[in-house]
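Chain and residue survey
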Amino acid sequence: MKKLLLSLLLLTITIASQSQELQISGKIRDARDNSPLPQATVQIKGTTNGTISDANGNFRINASHGDTLLFSFIGYAKQEIPVGKSSTINVLLKPDDLVINDVIVIGYGSVRKSDQTGAISSVSSEDFNKGPVTNAEQLIANKIPGVQVIPNSGKPGAGSSFLIRGGASLNAGNDPLIVVDGVPLEGWGDGPGFLSSLNPEDIESFTVLKDASAAAIYGARASNGVILITTSKGAQGKLQFNFTSTASLSHIYKKVPVLNASQYREVAQVASDYSRQTYESLGLGDYNTDWQDVIYHIAVGTENNISMSGGIKNLPYRFSMGYLNQDGILKTSNFERITALLNLTPELFDKHLTLKLSLKGISEKERIADERAISSAISFDPTQPVKTEDSNYGGYFEYEEYASNPANMNGHFNPLGLLEQISSHSDVIRCIGNIQADYKVHFLPDLHLHLNTGYDISRVKTCYFVPADNFEQNISGGDVYNADPAKKVRNTVLEYYLNYIKDISSLSSHIDLMSGYSYNDFLTTEYYYPTYNASGEQIGSDPAYDKDKPRHTLISFYARLNYTLMDKYLLTATVRRDGSSRFSEKNRWGVFPSAALAWKINDESFLKNVETISALKLRIGYGETGQQDGIGNYDYLTTYTAADADYSYQIGNKYYQLTYPSAYDPNRKWEQTATTNAAIDFGFLKNRLGGSVDVYYKKTTDLLNTIDIPSGTNFTSSITKNIGSMENRGIEFTITAKPVKNENFQWDLGFNFSWNKNKITKLSMTDDNEVGLVSSDYLVNTVGYSRNVFYLYHQVYDENGDPLEEVMLDANNDGSINDKDRYRSKSSLPKYILGFNTNLNYKKWSLSMTAHANLGHYIYYCPSDNLVALYGWLVPYNLSTMYYKSKFKMSGNQLQKYSDYYLQNASFLKLDNITLSYDFGKIFKSFYHDAGLRVNASAQNVLTWTNFTGQDPEPSYNWGEDWGSNYPRSRIYELGITLNF
């Protein structure tokens with residue numbers, strides 16, 4: 001009995017000792033440099049009990065023997081440590097690449113990807129598209145569902161247009177707001193592309209805010225989404241150099257089909273039978289000239305970039321320089337870019353003050369080839385020589401009989417002469433810079449004060465020269481125009497906000513509250529100069545010097561709350577109030593609110609132990625955003641513009657230059673878009689398989705719509721007013737997978753799918769379904785249809801399936817063919833957009849491929865072929881320019897011009913890029929690091945599968961027309977090396 005009592009006593013003492021509460025203290029540091037980590041979370045696993053570390057990384061918490069402490073910090077791998085007998089626990093947290101990549105930039109802050117509530121997509125440098133990349137937007141092309149990156153042109157340095165979720169406007173523009181390191185960009189900057197001045201090698205990440213709950217923090221400029229671009233920064237550590245060098249060759253991979261010289265002569269013989277002219281009188285030559293071969297060539301490009309980065313004490317830095325020289329496949333076109341970047345991120349006052357200084361300097365020089373040469377090469381007579389022995393017109397063959405009035409040639413000039421005799425240059429100097437200061441208040445470390453001040457300035461110089469012996473300019477004696485400067489742009493930004501971040505362990509809550517103010521000023525100075533002939537005589541009577549300074553300002557107040565409960569219930573609420581100088585005082589201010597909720601379902605008890613599910617989150621959000629682009633700065637006022645010097649009125653012996661009034665609308669206000677988004681994010685098998693599905697509905701009201709107005713009611717016949725509404729609804733799906741992952745081999749897959757349905761719901765003051773605003777000769781906007789629908793005649797065909805000349809369907813049976821017989825046909829907008837990427841790594845080898853598809857869009861394809869030169873102006877009884885293909889024998893027929901015979905389904909699948917690289921690893925020991933070398937070979941625009949018969953089934957932007965005269969995109973082959981040391 002005594003032994004039993006003694007055993008029970010010992011057991012009780014043991015249990016009591018084991019359950020005795022201890023006060024655990026210690027310090028949490030960064031494993032890289034041993035620096036303290038403030039605001040790190042310490043939690044007793046399985047409970048809501050926890051605390052956070054102070055400014056020096058110190059913490060205290062009460063725990064019991066046998067408990068497990070969970071240490072975590074954003075951007076670092078979590079660490080678990082069991083509580084033992086010791087009351088002191090010091091922790092070193094290691095940065096986790098997977099966790100770091102999980103932190104994404106949002107407007108005025110950052111958030112863990114797992115905590116986002118809106119439709120936000122981020123692509124970091126590790127996942128950028130490989131291969132030939134000249135413009136920054138090419139880095140993320142086809143990577144993000146719902147985001148189209150549409151190439152504008154094939155000329156060197158040319159950029160692309162972004163279209164997010166179908167766009168939100170008709171006339172106010174559909175370009176998203178782009179913010180680079182906290183500086184909003186506005187305008188093209190007069191370079192060949194919107195982002196051509198950014199060096200892709202300097203970019204660290206793209207973040208796209210797609211829905212209004214994410215983008216509403218940018219209010220009046222966010223209806224078409226927001227793209228946040230972050231450039232690479234330095235990090236603490238030894239000095240490191242990175243050098244990349246590439247060389248590329250480009251060529252045209254598909255020419256416009258035209259008649260060769262033999263076919264041209266054959267048709268000329270047929271033409272002489274239809275006309276009163278003899279074959280000999282047509283003036284054909286004895287040459288066999290392929291004019292497209294004449295104007296295109298194999299283009300060479302080179303690019304070199306070097307960067308240095310590291311950190312001295314508390315001063316991380318990164319400096320880089322880049323040089324690009326790229327010829328275009330159209331002769332004489334060239335783009336040259338020099339970039340320099342300096343990023344400094346010093347930490348002062350015991351890391352309570354963090355500064356971010358970013359400076360970007362850019363020089364862009366462009367030789368602009370006269371793109372009329374493209375259409376001229378299609379239409380010019382292939383039986384004629386390129387040059388003659390005659391010195392007239394610089395030795396280039398031209399039609400002498402039209403020398404007295406070259407305008408009658410309708411633009412059919414010697415294609416090579418247009419390129420080699422015309423010299424057009426554009427030089428742009430641009431600087432983008434800002435400094436951001438983040439101060440963590442000493443006596444209240446949960447509160448941060450943030451200041452951002454920045455600028456975007458540029459200066460543009462243009463010059464244009466045509467010699468006197470040029471065929472087009474032989475009457476006026478040449479054309480000389482120099483503008484230095486042609487334009488100056490100065491955009492400035494000043495923002496400051498307060499950010500309060502607090503973990504409340506007793507309530508299992510995390511609060512992130514932000515409120516701020518923003519001032520943006522945009523000033524453009526435009527200069528005008530006279531034109532001279534080659535002899536120096538002024539042409540016309542333009543003023544020798546004049547300038548205009550359009551300017552607008554945007555002032556904003558904004559706030560956001562991110563609230564997290566038990567790390568699984570999330571709320572985001574934002575509001576922004578914008579005031580724009582582009583509107584009258586009564587309509588100047590707009591309010592743009594949003595709210596979003598998210599639920600981490602996988603953290604609930606009923607799924608907590610399901611190892612198969614790594615992530616499962618439900619998101620829903622609603623928000624309102626605005627639009628003010630595409631309108632004038634002073635259109636709400638009655639303004640007057642000075643007329644040309646030719647328009648003067650004589651009073652006595654003096655002439656007074658006249659002015660004329662501009663249209664105005666004092667009631668114009670914001671275009672407003674409301675978006676509802678619901679989504680689910682998922683991850684399985686430790687996120688080896690993951691993705692998301694988003695469903696959205698977006699409605700734009702008070703559309704900025706250009707409409708006709710009655711005569712006498714204003715100073716023009718049309719004006720842009722807030723009339724109409726439009727909606728977009730769609731589904732986005734993205735999935736990523738790692739089918740294979742082992743020591744030697746890893747395979748990554750990515751696929752995204754987007755479906756968007758656009759519909760115009762109102763276009764006038766009344767609910768009608770009339771034709772509506774015609775956006776071009778062939779496209780129309782009508783209530784009940786998507787924007788940019790083709791407006792054509794039904795072509796009538798014979799029993800053999802051949803189109804009948806001038807025979808269109810009399811749709812309304814009124815006995816005549818007119819505009820009332822045209823019908824609303826297919827859309828120029830794709831219904832479905834797909835993107836695909838894959839990357840295979842085997843030991844030191846890597847192979848990556850990207851592809852994309854657009855399905856369901858149509859293109860009006862009616863290129864002029866080289867019969868134009870023969871029948872367009874020489875033969876009075878002419879055949880159609882499409883005679884050889886379509887059997888049409890008439891040209892100049894207005895009905896035929898709008899035939900749906902020319903409408904083609906342009907759905908396509910493109911293999912965009914293939915890149916093969918080999919990593920040699922360490923090749924020598926440098927002073928600072930082991931030097932590594934990687935080489936790569938790439939091909940771009942590899943293959944296209946389509947039934948479209950034109951050059952490219954992916955038209956620029958969404959106009960959906962192809963006349964064969966666009967600067968074609970080339971196929972590019974590239975070799976490159978990367979050296980790190």
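The paragraphs below set out a description of the structure included in this document.

Calculation criteria
Residues numbered from 1 in each chain as written. Predicted model: local features only at pLDDT ≥ 70, side-chain atom pairs only at ≥ 80, totals over all residues. Heavy atoms only, no water. Helix = DSSP H or I, 4+ residues; strand = E, 2+ residues; numbered from the N terminus. Buried < 20%, exposed > 50% of the residue type's maximum accessible area, 1.4 Å probe, protein only. Contact = heavy atoms within 4.5 Å. Areas by Shrake-Rupley, 256 points an atom, 1.4 Å probe, with all protein chains shown as cover. Pairing = 2+ DSSP bridges. Phe/Tyr/Trp six-rings, centres within 6.5 Å; stacked < 30°, edge-to-face > 60°. Lys NZ or Arg CZ within 6 Å of the ring centre and 35° of its normal. Axes fitted to C-alpha atoms, helices over the stretch in contact; angles between N-to-C directions. Lys, Arg positive; Asp, Glu negative; His and termini not counted. Salt bridge = Lys/Arg side-chain N within 4 Å of Asp/Glu carboxyl O. Polar contact = N/O pair within 3.5 Å; in protein donor to acceptor, adjacent residues only side chain to side chain.

Quick notes on the overall build of the chain
Looking only at helices and strands, the chain has 10 helices and 56 strands in total. The buried share of the chain, taken over its 981 residues, is 49%. In the chain, 69% of the contacts between residues at least 6 apart in sequence involve partners at least 24 apart. Carbon and sulfur atoms provide 56% of the accessible area of the chain, an area that totals close to 44,700 Å².

Focus on the pairing of strand β24 (residues 447-466)
As paired elements, strand β23 (residues 423-440) and β24 share 18 bridges and run antiparallel to each other. Within the sheet, the bridge partner assigned to Val 428 lies in β24 and is Val 460. Counted along the chain from β23 to the antiparallel partner β24, the turn is six residues long.

Digging into the packing of aromatic side chains
By the definition in use, this model includes 28 aromatic pairs. Taken together, Tyr 778, Tyr 860, Tyr 898, Tyr 901 and Tyr 902 form an aromatic cluster joined through their ring pairs. In this arrangement the basic side chain of Arg 822 is found over the ring face of Tyr 898, its NZ or CZ atom lying 4.3 Å from the centre.

Some details on the sheet that holds strand β6 (residues 79-82)
Strand order across the open sheet formed by four strands is β3-β2-β5-β6, with antiparallel pairing between neighbours. Only two strands of the sheet have a single partner each, and these edge strands are β3 (50-52) and β6. Each neighbouring strand pair of the sheet contributes to a mean axis angle of 20°, computed without reference to strand direction. Where strand β5 (residues 68-72) meets β6, four bridges bridge the pair, whose relative direction is antiparallel. Opposite Thr 68, over in β6, you have Pro 82 as the bridge partner.

Quick notes on the side chain of Asp 211
With respect to the element layout, Asp 211 can be found in the loop between β15 (203-209) and α3 (212-215). Of the buried charged residues, Asp 211 lacks a salt bridge, with Arg 165 as the closest side chain of opposite charge at 5.4 Å. A distance of 3.0 Å separates the side chain of Asp 211 from the backbone nitrogen of Ala 119, its partner in a polar contact. In this structure, Asp 211 is in contact with Gly 118, Ala 119, Arg 165, Thr 675 and Asn 677, ignoring residues within four places of it in sequence.

Section: the side chain of Ser 320
As for its placement among the helices and strands, Ser 320 is situated in strand β19 (residues 315-327). Residue Ser 320 is classed as buried on the basis of its relative accessible area of 3%. Here the side chain of Ser 320 touches Asp 202 through a polar contact of 2.7 Å, side chain to side chain. When sequence neighbours within four positions are dropped, the list of residues in contact with Ser 320 reads Asp 202, Ile 306, Ser 307, Thr 339, Ala 340 and Leu 341.

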